[in-house]
Amino acid sequence: MNITPTTENRPRQKDNNDDKSNFVGFANLPSQIHRKITKRGFEFTVMVVGESGLGKATLINNLFLTDLYPERHIPTAQEKLRQSVKIDASTVEIEERGVKVRLTIVDTLGYGDNLNGTENYKSLSNYIDNQFERYLKDESGLNRRNIADNRIHCLLYFISSFTRGLKPLDIECMKALHHKVNIVPIIAKADALTTIELIRMKQTILQQIHDNHIEIYQIPDCDSDEDEELKEKNLELKKCIPFAIISSERTYEVGGKHIQGRMYPWGLVEVENNNYSDFLKLRSMLIIHMQDLQEVTHEVYYENYRSNKLQLKKFIDNDEKQKKLIQEKDIELRRMQDILAKMQEHLTEKQK
Ligand code: GDP
């Protein structure tokens, strides 16, 4: 079969002649979800975390069919050693058949390059908290109706396929962030693994997640009245966590079709081939459960942050009240001591 490269190092652009799988997919949502999204539009923020070179930018470009990083500077090995984690947010507006999504991608450049493990995820944790703090301030302000929601709704955590499991830094980082954000684990560059190796790696990661009491995002069950096809699809999504991803900047023309893939001497590895890549499943999961990811962020993680903040405030207020009370008692005591001293003086005077 004749295979010709059609793009070089550029993400595939949305092409109206392509079949429907080439769209981001909002238009193919189950009707109930589609109706809700069409009405309000959506603000959705994804944070991507993983060592540089694992394919984060490529995946994001493939997922949302936009070139979010046209002029990205790839650091040299020396720069990597020096740099701390730099957080970079880019926003794009996607509109597809009437559905509007304001998508923000938060990239974490230099993660994993720093030799001090904690330094790698402390800034991520601070960034997540800062977005909660901003929302909390806006929520208690005057302009409550038009709050921009920049909270992180989903964190795609990239795991290297070369390590065959989670590294100590992956475990530490997930543990530091799992009570703040929905973590979705991803095996990066899954084309480096054979079928058996991939099955084993998924099992190892799930076991490590369980043993370390890490709470990753739980895909919810479908409503009982949802159609059978969606229920089955949802079950498949649940089974394939962690998602094994293959992504690419290139497209090839095969038999008149444009295929996103990676060309090897033995053949073309297709990004959207469900036999060895969970790319389409990850995209479906993000779209079908976008609303749930937002709700969990608001009702669980943000609420945690808010109530911790309130408790801390109460504690500080109580502490201040206590301090004030002690100060008042102190003044009262000194006043009584003065009176006693004066009476004593008076008595001694009289006795003379
Ligand atoms: P980032 O630093 O994590 O954002 O990584 P990039 O997206 O810049 O990708 C780094 C390199 O990995 C590029 O040369 C990509 O072509 C390549 N790459 C991306 N995804 C894959 C993949 O799934 N498999 C393989 N083998 N290489 C990939």
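Conventions adopted
- Residues numbered from 1 in each chain as written.
- Predicted model: local features only at pLDDT ≥ 70, side-chain atom pairs only at ≥ 80, totals over all residues.
- Heavy atoms only, no water.
- UniProt positions renumbered as here; feature names shortened; annotations may be inferred.
- Helix = DSSP H or I, 4+ residues; strand = E, 2+ residues; numbered from the N terminus.
- Patch = residues over 30% accessible without salt bridge, like charges linked within 9 Å, V, L, I, M, F, W, Y side chains within 5 Å.
- Areas by Shrake-Rupley, 256 points an atom, 1.4 Å probe, with all protein chains shown as cover.
- Salt bridge = Lys/Arg side-chain N within 4 Å of Asp/Glu carboxyl O.
- Lys, Arg positive; Asp, Glu negative; His and termini not counted.
- Charge placed at Lys NZ, Arg CZ, Asp CG, Glu CD.
- Buried < 20%, exposed > 50% of the residue type's maximum accessible area, 1.4 Å probe, protein only.
- Core = buried A, V, L, I, M, F, W, Y, C linked by side-chain atoms within 4.5 Å.
- Contact = heavy atoms within 4.5 Å.
- Axes fitted to C-alpha atoms, helices over the stretch in contact; angles between N-to-C directions.
- Parallel < 35°, antiparallel > 145°, perpendicular 65-115°, else oblique.
- Left-handed = near helix turned anticlockwise from the far one by under 90°.
- Nonpolar A, V, L, I, M, F, W, Y, C, P; charged D, E, K, R; others polar.
- pLDDT = per-residue confidence, 0-100.
- Pairing = 2+ DSSP bridges.

Engineer: Explain the UniProt feature "site: Important for dimerization" (unreviewed entry) in the protein to me, using residue names and the numbers behind them.
Structural biologist: Look at the UniProt record and you will see "site: Important for dimerization" (unreviewed entry) annotated at Phe162. Here Phe162 lies in the loop between strand S5 (154–160) and helix H5 (168–177).

Engineer: Describe in detail a negative patch on the surface, supporting the description with residues and values.
Structural biologist: A surface patch of negative charge is lined by Asp227, Glu229, Glu232 and Glu236. Looking at the element boundaries, Asp227 is found in the loop between helix H6 (195–211) and helix H7 (228–239). Take Asp227: its relative accessible area is 44%, and that puts it in the partly exposed class.

Engineer: Summarise the nonpolar core; cite the residues concerned and give the values.
Structural biologist: Counting 76 residues, the largest nonpolar core has Leu156 and Leu282 as its most contacted members. If we ignore the near neighbours within four places in the chain, the residues touching Leu282 are Leu59, Leu63, Leu156, Val184, Ile186, Phe243 and Ile245.

Engineer: So what's going on with the environment of Cys154? Which residues, and what values?
Structural biologist: Inspection of the secondary structure puts Cys154 in strand S5. Linking Cys154 and Tyr217, residues 63 residues apart in sequence, is a C-alpha distance of 8.6 Å. Not counting chain neighbours up to four residues away, the residues in contact with Cys154 comprise Phe44, Thr45, Val46, Met47, Val181, Asn182, Val184, Leu286 and Leu293.

Engineer: Describe unusual backbone geometry, and please don't skip the residues or the numbers.
Structural biologist: With omega at -5 degrees, the peptide bond leading from Ile241 into Pro242 counts as cis. Looking at the element boundaries, Pro242 is found in the loop between H7 and strand S7 (243–244). Residues other than glycine seldom take positive phi values, yet Lys189 does so here, at roughly 50 degrees. Of note, Lys189 is situated in the loop between strand S6 (183–188) and H6. One non-glycine residue with positive phi stands out, namely His213, at about 55 degrees.

Engineer: Pulling in residues and values, what's your account of the packing of helix H2 (residues 56–64) against helix H8 (residues 279–288)?
Structural biologist: Put simply, H2 and H8 touch, their axes get as near as 11 Å, and they point 65 degrees apart. Accordingly, the angle class assigned to the pair H2 and H8 is roughly perpendicular. Handedness of the H2/H8 crossing: right-handed. Where H2 abuts H8, its residues Leu59, Asn62, Leu63 and Phe64 lie against Phe279, Leu282, Arg283 and Leu286. Tallied by class, residues from the contact of H2 with H8 come to 6 nonpolar, 1 polar and 1 charged.

Engineer: Requested: an account of the confidence of the model for the protein, with residues and values cited.
Structural biologist: Averaged over the protein, the pLDDT score is 83; the fraction of residues at 70 or greater is 82%. A low-confidence stretch, residues 9–22 stays under pLDDT 50, and its non-local contacts, those more than four residues away or across chains, total 27 contacts.

Engineer: Hey, could you go over the pairing of strand S10 (residues 267–270) for me, with residue numbers and the actual values?
Structural biologist: It is a general feature of regular strands that their side chains alternate between the two faces of the sheet. Strand direction decides the pairing type here: strand S9 (residues 257–264) and S10, joined by 4 bridges, are antiparallel. Within S10, the residue paired with Tyr264 across the bridge is Gly267. Turn length for the S9-S10 hairpin, with the two strands adjacent in sequence and antiparallel, is 2 residues.

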